[in-house]
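Results of the structural survey
This is what each chain is made of:
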Amino acid sequence: MRAAHRRHPGYLAFLAHRLSGLALALFLPFHFLFLATAIEGEAALEGALAWTANPLAKLAEWGLVTLLALHLALGLRVLAIEFLPWRGPLRLWVGLGGGAALATGLLFLAALGR
Amino acid sequence: MAEAAACGGRMLEVRIWRGRDDGAFVSYEVPARANQTVLDVVTWVQRHLEPTLAYRFACRVGVCGSCAMTVNGRPRWTCRTHVGRLAGDGPLAIEPLRNLPRIRDLVCDLEPFFTRWQRAGGRFVATSTRRDPLPRIAPDSEARRAVDAGIECINCAVCHAACDVVAWRPEYLGPAPLNRAWTLVNDIRHGAREETLDRVRGDAGCHACHSQMSCSEFCPVGIAPTAAIAGLKRASLRHLLGRRDE
Amino acid sequence: MKEGVLFLLQRATALLLAPLVLAHLALVLYATQGGLSAAEILARTRGSLLWGGFYGLFVLAVAIHGAIGLRAILAEWTGLRGRTLEGITLAVALLLLVLGLRAVRAVVGAP
């Protein structure tokens, strides 16, 4: 109840954008280190990939793809608010709707791709 | 009480903040009426139960902004908040506006808000005298429409209370001062446009806004400071990229 | 002034990252069909100027964009300011840049 002033779409969009960005930023160094095992040759990268063949890793991968899609969609919302002509509350809904649609679509595709 | 009998005995539980920062909510029972505003409720408590209750109001008809308080977690004008239309079944919780120092009970110190207003340079600088012809401003020009969209601000500080960046960055100017600056930047008669822009694109200015839009969500006058701040961001970028023209 | 420059960099890298991220997501979704193997990845990237350039640019943009984003989080949610804040921001940018370019080199260059 104390944070009731935050329960509106704009704040939720901000929070999801920030938290997804934070998660991605924390993930990236590991992503880079993982890929860099290829320095030691194909077998090293293959070994690292084999390590991710478990359900938990698969879930994490799906989560990261979703977070990336979400961060992109909500980032486009910010760019729309800041740079496109303001047309009242329409801007907010277009941004949110578009963002949600994009994120959902990619989420679905990601699930299919598994 | 005669009042309670008159409204069928239904009572409303109200929790009102008493004291300063180290105060607490105190519960009161107020006769429930078919039509009452939160300001009516607070006034009733002060008149019948708690004469020492401190609170602010003036016009009580939604034009002055003095009665702004936090109602069930949201910053609102209490004279324009009907109790019957508030969501939730729990007791009504009333406390001072957020992001401002508490003086006593429901009264907070608006000085930090007005200091930011001054710092954002919301002062119009004239460029003509009474001997000059009146400047012709087309009401449907883009600049004038931008001014009109933000000119009704009456400094009630609801947006200041709603904004989380204000809470997280003590130096942030806030939605209302930035909105005001935008109305000046777009006023073709204003003689200090560059100075106004300089004041609001510094470290405490428009770039700290994350478009959470709480200001626009809660402004009782329907202003969208988010739009004004977006305009300032664009103006700042243009300046950075060396293009000083509009 | 500085906030203006950081804002510009953040928005500019965002605009650049939008198509790069879409392309990367499309590639990931395509490449993970039917399992992912090192051989498949490397067959695509080894010696490729296209993928080297693509991911090199991606890494540069992400290093700037991520560091500036983290800077805002640190300033607003931990109250950090001044040289400590700027130092951490720079360190994050360099870390992402170095690790990222190392990864690009790993998959594009010879083992």
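Residues numbered from 1 in each chain as written. Chains lettered and ligands numbered in written order. Predicted model: local features only at pLDDT ≥ 70, side-chain atom pairs only at ≥ 80, totals over all residues.

1. Observations regarding the interface of chain A and chain C
Just so we agree on the cut-off: Throughout, a pair of residues is in contact if the C-beta atoms placed from their backbones lie within 7 Å. Numbering of helices and strands runs from the N terminus; a helix is a DSSP stretch of H or I covering at least four residues, while a strand is a stretch of E covering at least two. In this classification, the charged set is Asp, Glu, Lys and Arg, the nonpolar set is Ala, Val, Leu, Ile, Met, Phe, Trp, Tyr, Cys and Pro, and all remaining amino acids, among them Gly, are polar.
Residue-level contacts link 29 residues of chain A with 29 residues of chain C. Those elements giving two or more residues to the side of chain A that touches chain C turn out to be α1 (9-35), α2 (42-51), α3 (55-83) and α4 (90-113) of chain A. Looking at the side of chain A that touches chain C element by element, the count peaks at nine residues for α1(A). In the side of chain A that touches chain C, the residues fall into 21 nonpolar, four polar and four charged.

2. Some thoughts on the interface of chain B and chain C
If you look at the interface, chain B gives 10 residues, while chain C gives nine residues. Sort the elements by how many residues they give to the side of chain B that touches chain C and helix α10 (residues 225-240) of chain B lands first, with four residues. Within the side of chain B that touches chain C, the residues separate by chemical class into three nonpolar, three polar and four charged.

3. What to know about the packing of α2(A) against helix α2 (residues 38-45) of chain C
Helix-helix packing: each pair is described by the crossing angle between the helix axes and the interaxial distance. Note the cut-off: Simply put, an axis is a line fit to the C-alpha atoms, just over the touching stretch for a helix, and the angle between two N-to-C directions goes from 0 to 180 degrees. In what follows, roughly perpendicular refers to angles from 65 to 115 degrees, roughly parallel to angles under 35, roughly antiparallel to angles over 145, and oblique to any angle outside these ranges. Note: crossing handedness is left-handed where the near helix turns anticlockwise from the far helix by less than a right angle, and right-handed where it turns clockwise.
One can describe the packing of α2(A) onto α2(C) by two numbers: an axis separation of 9 Å at closest approach and a directional angle of 130°. If you check the angle between α2(A) and α2(C), you find them oblique. Here the hand of the crossing between α2(A) and α2(C) comes out right-handed. Side by side, α2(A) and α2(C) meet where A:Glu42, A:Leu45, A:Glu46 and A:Leu49 of the first sit next to C:Ala38, C:Ala39, C:Ile41 and C:Leu42 of the second.

4. Some remarks on the nonpolar core
Note the threshold: Only buried residues count toward a nonpolar core: Ala, Val, Leu, Ile, Met, Phe, Trp, Tyr and Cys, linked into one set through C-beta atoms within 7 Å. Any residue whose C-beta has 12 or fewer other C-beta atoms within 10 Å is treated as exposed, any with 20 or more as buried, and any in between as partly exposed, C-beta atoms being built from the backbone. Boundaries of every domain are those given by an automatic assignment or by a domain database.
Among the nonpolar cores identified, the biggest contains 80 residues, and B:Ile94, B:Val158, B:Leu178 and B:Leu232 are the most heavily contacted of them. Two domains each donate at least three residues to this core, and these are domain 1 (2-108) and domain 2 (111-240) of chain B. Sequence-distant contacts of B:Leu232, defined by excluding residues within four places in its chain, comprise B:Leu178, B:Ala181, B:Trp182, B:Val200, B:Arg201 and B:Cys206. With 26 residues, the next largest nonpolar core counts A:Ala38, C:Ala103, C:Val104 and C:Val108 among its residues.

5. Regarding the environment of C:Leu80
Residue and element names in this part refer to chain C. Mapped onto the fold, Leu80 is located in the loop between α3 (49-77) and α4 (82-108). Along the chain, Leu80 and Ala26 lie 54 residues apart, while their C-alpha atoms are 38 Å from each other. When neighbours within four sequence positions are excluded, Leu80 is seen to be in contact with Leu74, Ala75 and Leu85.

6. What about the domain arrangement of chain B?
Residues and elements named next belong to chain B. Taken domain by domain, chain B comprises domain 1 (2-108) and domain 2 (111-240). For domain 1 and domain 2, the distance between their C-alpha centres works out to 31 Å. Residue-level contacts link 14 residues of domain 1 with 14 residues of domain 2. Contributions of two or more residues to the side of domain 1 that touches domain 2 are made by β3 (68-71) and β4 (74-77). Per-element tally for the side of domain 1 that touches domain 2: the top contributor is β4, with four residues. Class assignment for the residues of the side of domain 1 that touches domain 2 results in seven nonpolar, three polar and four charged.

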